[in-house]
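# Tertiary structure, described
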Amino acid sequence: MGGALTRGERQNLLKGVGFISPWIIGFAVFGLYPLCASLYYSFCDYDVLNKPAYVGTLNYQEMVGDSVFWKALYNTFYFAVFSIPLGLFMALMIAIMLNQSVRGRSVFRTAYFLPSIVPLIGVSMIWMWLFNGDYSLVNFVLSRIGLTGPGWLTDEAWVKPTLILSGVWQVGGTIVIFLAALQDVPRSLYESAEIDGANAPVRLWHITVPMISPAIYFNLVMGIIGALQEFVRPFVMLGGTGPNRSALFYAVNLYQNAFDYLNMGYACAMAWVLFVIIVLLTWGATAVSRKHVYYGGDG
Amino acid sequence: MDDRPSDKARTVQVPGLLGTLLLCLLIGMSGCGGESTSTDADGPVVIQYWEKWTGFEADAMRAVVDDFNASQDRVFVKMLSVSGVDQKLLLSTAGGNPPDVVGVWTHTVPVFAEKGALTPLDQYLAEAGIVESDYIPAIWSCCRHRGFTWALPATPASIALHWNKAMFEAAGLDPDKPPTSIQEFEAMAEQLTLVELKRSGETVRVRFPELTEAEREAKVFRIIQLGHSPKEPGWWLEVWGYWFGGEMWDGERAVTAKSDENIEAFEWFADYSRRYGQRNLDTFGASFGNVSSPQNPFLNGQVAMVIQGPWMHNFIEQYSPGMRWGVAAFPSALGQGEPPVTVIESDVLVIPRGAANPDEAFEFIRYVNSRGPMEKLCLGQRKFSPLTDVSETFISQHPNPYIDVFIELAKSPRARSWPTLPIWAEYKDEVRVASDQVYSGGTTVPAALGKVQVRMQKRFDRVLRRWDLVEADRLAEWGGR
C-alpha cells in the first residue's frame, strides 16, 4: 500500500479522479447499473411498465422448456460453427495475399477493408436484392451456368447458409489484424526454410500459422462473441425470424421477448445465459489454444 | 506510521467528490424530466402530442391541431412525429415522463391498459357526454378493455377485396361481378392464374384450369400471374379464421387457435401451396415489391385479387393511375345471408398514465372526435369517420370512390378487430410460424395449430394469474379516477 500522501499528492489524486469522472459516471450509469439491474430483473417477472416481482429462478426454468429458445440457440450455434471458421479462413487467405509485394497493394488493401465500414443496414438491404428469389443477380448468374438458384431468403433450408455467406464479405477488421501479425513474422524464418527446401504450403503451415497464432486466437474469440450476438442482418433481411423461425437468432429472440412481448425479466435471463455461454466458449477456446498459441516473448 | 491523517483525509475527500458528481448527475436527470411539464404561468398549457404518422397523414393531423390551437387560447398542442411510437410510449411511461397524448393503434390498447400504462377515459367521457352510440360499434369496442374505455379513435380502417377489372376481362370474367362466396372466389382465382410451362418441347402459357391432371400433379410450371395469394400482403393472415366463423379466443380465459373454423381457414390457406406448389409461389412472390411502390403486385398486374384497406386507393392513384379496379366484401365461407366479414383497426389517441396534463389532453382528444375536425382529418388521410353521425357531403367529397363499401363493412356485425389480448404480439408470431409450417407442408394444420394452442394458453394462463392478483386493485384504481 502507498505511504503518506502529501498535500500535493492528494490534490493530484483528486484532480485525477475529477478528470476521469466522466468515464466513471458514464460507466456506472450506463454500464455497471444496467448490468446489475439486468441480473436482478432476470429473477423477476418484469414487463417494464409494472414494478418487477421477484419470482426466483422461474425465468431460467421456463427457458429450459421453451422450444423457441432452443431453436434460437440452435440457429445461432449453426451460424457460429460455419461462419467463424469460414470467416477466419477467408480473412487469413486475403491477408496473406495482401501481404505479398504486388503493384497497387494499398489499393487492394483499401478495397478489401471497405466493406467493413459500410453500415450494416445498408449492406443488408443490398443483400436482400442480391438474394431475391426472382429478380436476384445471384440467381441470374447461376441461371447463366445452367443452375436454378434456390429461394435464398424464402426457403427454410437456405436462409442460414445465406446469412453465413453474406457475413463473410465483411471480414476487413479481421484481415487488418492478420496483416499486422503477418508483418511481424521474421523474414529470416522463411529464408532458412526455403534453403531447407520447404514449399509454400509447408511454410504457411509450419511458419506463418504458428507465428501468427496469437492473432488467430484473438480473432477466434472475437468471432465467437460476434457470431453469438448476430442481430442486424437476420433482423433486417428476414424480418427477425425467417420462414418457420429458421433464422431466429438468439439476440433477436431476446429482443422480441424484451420489446415485443414485454417479457423483460425473461429477456434479462436470456442475456445472462448468453453471457455464460460466451464465457464458457471463450474459456474453452483459451484452454484448447494454450498449447498451440506461440507468444514470441515467452521464448 | 504517520500516514493516518492523510488516509483519513482521502477517505473523506473522495466520497465527497463522488457525492458532488452524483448530485450533478441527479440535477442533469431531473432537468430532462421536467421538460414535458412546461406549463407557462401566463400563457396556455402546452401539451405534448406524439404521433406515428409522417407525410400526408401527419399533415392532415397537423391541420386539425392548428385549428384546435387557433380555436382557443388555454391549451396549446405541440405535435411531434415519432417513429416506433409504441416503444417510446412504453419507455417514457416506465420512466415516469410520458407525453400528454399519444397516437397508437387499437392493438396497443389492451397491452398497455392491462399493465396500467394508460389513463382510463370513462369519467371524462361521462362528463363530455360521449357515449357508445356515437361510434361505429366495432370501432368503439376496439377502444375498450376490461370494462373501461382507454382510447378514442382517430382514423379507422376496414379491409375488403380489391380486384383488377382488366385482368377479369382478360380471363373472360365479368369485371363488375366480384365473387360472393369462397367457392366462387376460388374458381375465379384459378381462372385468373396464368402459368407458363413446356408442352412437347414448346413453351406455352395457359390458365390454371386448362392444366391437365398430370401437369397439376407435377407442378412444373412458372407462375406468370396469380388470381390470389393469401400471403399478399399477408398483414392479416393470422385471422383468416374470421372468414370461416372462427375466433382467436373465447373472450374470457381460453385461446381458441385450434377451433374447427380456424383449422378450416388454415386448410384453405395451405391449399394454395398444395395447388400451385410452394416453390412456384415463393419464386413468384419473391419478385413482389414494397406495398407503396410500383412493384406492388396488385398495382403491376401480377395478382388479380387482394385484401386491402382504403389506403390502397392512394397507392393506385400514385403508381397505377390508369388502373380499373373495384372493391367489395372479401367473400366468406359462412354462406349466403350471413353479414360480410372484415377486420377493423383504428389509429387511436390515448393519455399515458402519469401524463402531466390529462384534462387538457382530453380536451384535445374530444375536439378531434367532434364531427367537423374528425371529417377533416379523415378526408385528409382518405379514411372514413369512426362516428355514426356523418355529414352529407363526407362521402361525396371523399377521394376514394369506394369509401362507402368500407363504411358498410365496418358497420357489419361480423366486423372484427385484432383480438384484444395482452399476449397478442406473441400469439400473432406463433400463428405466423404455424402458417409457415402448413404452407411448406411440413406439418398438418391441426398439429401446427395445436402447438400454438398449447403454447399460447400457457402464456395466457400466466398473464391471467398475474391479472387475478392485481385485478381488485386495478379496477378500484381505474374506477376511482
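Parameters and conventions
- Residues numbered from 1 in each chain as written.
- Chains lettered and ligands numbered in written order.
- Predicted model: local features only at pLDDT ≥ 70, side-chain atom pairs only at ≥ 80, totals over all residues.
- Heavy atoms only, no water.
- Pairing = 2+ DSSP bridges.
- Helix = DSSP H or I, 4+ residues; strand = E, 2+ residues; numbered from the N terminus.
- Axes fitted to C-alpha atoms, helices over the stretch in contact; angles between N-to-C directions.
- Domains from an automatic or database assignment.
- Contact = heavy atoms within 4.5 Å.
- Buried area = accessible area lost by both parts, 1.4 Å probe.
- Polar contact = N/O pair within 3.5 Å; in protein donor to acceptor, adjacent residues only side chain to side chain.
- Nonpolar A, V, L, I, M, F, W, Y, C, P; charged D, E, K, R; others polar.
- Salt bridge = Lys/Arg side-chain N within 4 Å of Asp/Glu carboxyl O.
- Buried < 20%, exposed > 50% of the residue type's maximum accessible area, 1.4 Å probe, protein only.
- Phe/Tyr/Trp six-rings, centres within 6.5 Å; stacked < 30°, edge-to-face > 60°.
- Lys NZ or Arg CZ within 6 Å of the ring centre and 35° of its normal.

### Things to note about the sheet that holds strand 9 (residues 202–207) of chain B
All names here are of chain B.
- With mixed pairing, the six strands of this open sheet are ordered in space as 9-8-10-11-7-12. Of all the strands in the sheet, the pair left with one neighbour each is strand 9 and strand 12 (325–328). Along the sheet, successive strands turn relative to each other by an average axial angle of 30°, direction set aside.
- With three bridges connecting them, strand 8 (residues 194–199) and strand 10 (residues 222–228) associate as antiparallel partners. The residue of strand 10 that forms the bridge with Val195 is Ile223.

### Structural notes on the domain arrangement of chain A
Residues and elements named next belong to chain A.
- Considered domain by domain, chain A is made up of domain 1 (7–54) and domain 2 (66–298).
- Just the C-alpha atoms count here: the centres of domain 1 and domain 2 sit 33 Å apart.
- In this complex, domain 1 contributes nine residues to the contact, which on the side of domain 2 involves seven residues.
- Of the roughly 670 Å² buried where domain 1 meets domain 2, counting both sides, 74% is carbon and sulfur surface.
- In this assembly, domain 1 and domain 2 are joined by three residue pairs in polar contact (both at pLDDT 80 or more).
- The element best represented in the side of domain 1 that touches domain 2 is helix 1 (residues 7–41), accounting for four residues.
- Residue composition of the side of domain 1 that touches domain 2, grouped by class: six nonpolar, two polar and one charged.

### Some thoughts on the pattern of salt bridges
All names here are of chain B.
- Tallied over the entire structure, the rule returns 35 salt bridges over all chains.
- Between Asp347 and Lys52 there is a salt bridge whose closest N-O contact spans 3.5 Å. Taken together, the positions of Asp347 in strand 13 (residues 341–350) and Lys52 in the loop between strand 1 (45–51) and helix 2 (55–71) put the pair 295 residues apart, joining distant regions of the chain.
- Among the residues examined, Asp347 registers a relative accessible area of 8% and is labelled buried.
- One salt bridge in this structure joins Arg199 and Glu215, with 2.8 Å as the shortest N-O distance. A residue pair is termed long-range when its members are at least 10 positions apart, and Arg199 in strand 8 and Glu215 in helix 9 (residues 213–218) qualify at 16 residues.
- Under the relative-accessibility criterion, Arg199 is labelled partly exposed at 28%.

### So, helix 7 (residues 159–168) of chain A
All names here are of chain A.
- The buried count for helix 7 comes to seven of ten residues, which makes it a mostly enclosed element.
- Every buried residue belonging to helix 7 is among Val159, Lys160, Thr162, Leu163, Ile164, Ser166 and Val168, and all of these are buried.
- Those residues of helix 7 hidden inside the fold are in contact with helix 3 (67–98), helix 5 (120–130) and helix 12 (232–237).

### Some thoughts on the domain arrangement of chain B
Residues and elements named next belong to chain B.
- Assigned domains of chain B: these are domain 1 (41–156 + 345–411) and domain 2 (160–344 + 421–460).
- Domain 1 and domain 2 are separated by 32 Å when their C-alpha centres are compared.
- Facing the 21 residues of domain 1 at the interface are 23 residues of domain 2.
- The junction of domain 1 with domain 2 conceals about 1,800 Å² of combined surface from both sides, 69% of it contributed by carbon and sulfur atoms.
- Looking only at domain 1, the three residues that lose the most surface to domain 2 are Glu345, Tyr402 and Leu409, adding up to 35% of its buried area.

### Observations concerning the pairing of strand 3 (residues 101–105) of chain B
All names here are of chain B.
- Burial runs high along strand 3: four of the five residues are buried.
- With two bridges connecting them, strand 1 and strand 3 associate as parallel partners. Along strand 3, the bridge assignment pairs Trp50 with Val102.

### Topic: the interface of chain B and chain A
- On the side of chain A, 42 residues touch chain B, which itself brings 39 residues to the contact.
- Summed over both partners, the interface of chain B with chain A buries about 3,600 Å², with 56% contributed by carbon and sulfur atoms.
- Considering only the side of chain B, the residues that lose the most area to chain A are Leu90, Lys115 and Arg462 of chain B, jointly responsible for 15% of the buried surface there.
- Put simply, chain B and chain A have seven salt bridges between them.
- A salt bridge links Asp66 of chain A to Arg455 of chain B; the nearest nitrogen and oxygen atoms lie 2.9 Å apart.
- The interface formed by chain B and chain A holds twelve residue pairs in polar contact (both at pLDDT 80 or more) in total.
- Contributing elements (two or more residues each) for the side of chain B that touches chain A: helix 1 (4–33), helix 3 (85–94), helix 4 (108–114), helix 11 (278–286), helix 17 (424–439) and helix 18 (445–479) of chain B.
- In terms of residues, the side of chain B that touches chain A owes the most to one element, helix 1 of chain B, which gives eight residues.
- Considering only residue class, the side of chain B that touches chain A consists of 14 nonpolar, eight polar and 17 charged.

### Things to note about the packing of aromatic side chains
All names here are of chain B.
- Within this structure, the stated rule accounts for 47 aromatic pairs over all chains.
- When the ring of Tyr49 is compared with that of Phe364, the centres are 5.3 Å apart and the planes differ by 55°; the resulting orientation is tilted. Of this pair, Tyr49 sits in strand 1 while Phe364 sits in helix 13 (residues 358–368); the two residues are 315 residues apart in sequence, bridging distant segments of the chain.
- Here the aromatic rings of Phe68 and Tyr367 are separated by 5.1 Å at their centres, their planes lie at 55°, and the arrangement is tilted. Pair noted here: Phe68 is in helix 2 and Tyr367 is in helix 13, with a separation of 299 residues, a long-range link.
- Grouping aromatic residues by their ring pairs yields a cluster made of Phe185, Phe208, Phe221, Trp240, Trp243, Phe244, Trp268, Tyr272, Tyr276 and Phe330.
- Directly above the aromatic system of Trp418 lies the positively charged group of Lys428, at a separation of 4.2 Å from the ring centroid.

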